[in-house]
Every structure is written in C-alpha cells, then in structure tokens.
Amino acid sequence: MKKIHRHKTVDSTDYGYTKCVAPEACNPIAHGAVCAVEVCRCGWIRETNRNGGAIEIGAWRAPKPGDYPGILKLLTQVKEEKEEVEGKERDYVL
Ligand SMILES: [Zn+2]
Ligand SMILES: [Zn+2]
C-alpha cells in the first residue's frame, strides 16, 4: 500500500529577494522585497516571494548546494525528523 508524501513546511526563513521563483506563474509585483524559504521534513525547499500583500509561490524542489545561507542548518534539523518518516512515505508529489 502506497502512501503519498505531501510536502509540509516544518520551518521557514525570510531572505532578501534575489530572483523570480515562479517563471511559469510570475507575479512581478511580488518581486523586490522578501523571499521566504520553507523547508519540508523530506529536505526539499520552496521559495515564496512576498512584497506587501503580493505573493509569488515557487514549486517544491531539492535544494542545491549553496542555495541559501543557513539552509543546511535547517536541513540538519529536518533530517532527524525525516528518519522517523523514512519508509512510511516514499512517494513524492510536487
Ligand atoms: Zn516533502
Ligand atoms: Zn516572478
């Protein structure tokens, strides 16, 4: 029996705006202020640009080395939780 993993935010950190995070569904007025980076317990991240009331939500993805300062620290914390769910939830849905 398969269980479907749904990405769930376990931690979130605000960074300064660096780039468009959703080229397919761009919301230019959300650019230029804050980029919130959420971390799932599986270790994937999602970036969301926020500017005032406007938001632009990126897709969940695996982090690349050097993506965000501090994200590795978050991932280390998340890893401990991941061990608990390992084997139970293997199928990833974007
Ligand atoms: Zn996940
Ligand atoms: Zn954009």
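Refer to the structure presented above.
Everything in this summary refers to the structure shown in the same document.

Reading the values: rules and limits
Residues numbered from 1 in each chain as written. Chains lettered and ligands numbered in written order. Predicted model: local features only at pLDDT ≥ 70, side-chain atom pairs only at ≥ 80, totals over all residues. Heavy atoms only, no water. Donors = N, O, S within 2.8 Å, 3.2 Å for Na, K, Ca; no water. Tetrahedral: all angles 85-135°; square planar, octahedral: opposite > 155°, others 65-115°. Helix = DSSP H or I, 4+ residues; strand = E, 2+ residues; numbered from the N terminus. Buried < 20%, exposed > 50% of the residue type's maximum accessible area, 1.4 Å probe, protein only.

**Focus on the coordination of the zinc ion (ligand 2)**
Phase 1: Taken together, the protein donors to the zinc ion (ligand 2) comprise C20 (SG), C26 (SG), H31 (NE2) and E56 (OE), at separations of 2.0 to 2.3 Å.
Phase 2: For the zinc ion (ligand 2), the four donor atoms in the first shell make angles of 99 to 120° at the metal, a pattern classed as tetrahedral.
Phase 3: For the zinc ion (ligand 2), the single-chain donor residues occur in sequence as C-x5-C-x4-H-x24-E. Of this pair, C26 sits in the loop between β2 (9–16) and β3 (34–40) while E56 sits in strand β5 (residues 54–57), and the two are 30 residues apart along the sequence.
Phase 4: We classify C26 as partly exposed; its relative accessible area is 38%.

**Brief notes about the environment of V37**
Phase 1: Mapped onto the elements of the fold, V37 is located in strand β3.
Phase 2: Under the relative-accessibility criterion, V37 is labelled buried at 0%.
Phase 3: The sequence separation of V37 and G58 amounts to 21 residues, and the corresponding C-alpha distance is 9.6 Å.

Fair warning: the whole summary comes from geometry, so function is off the table for now.
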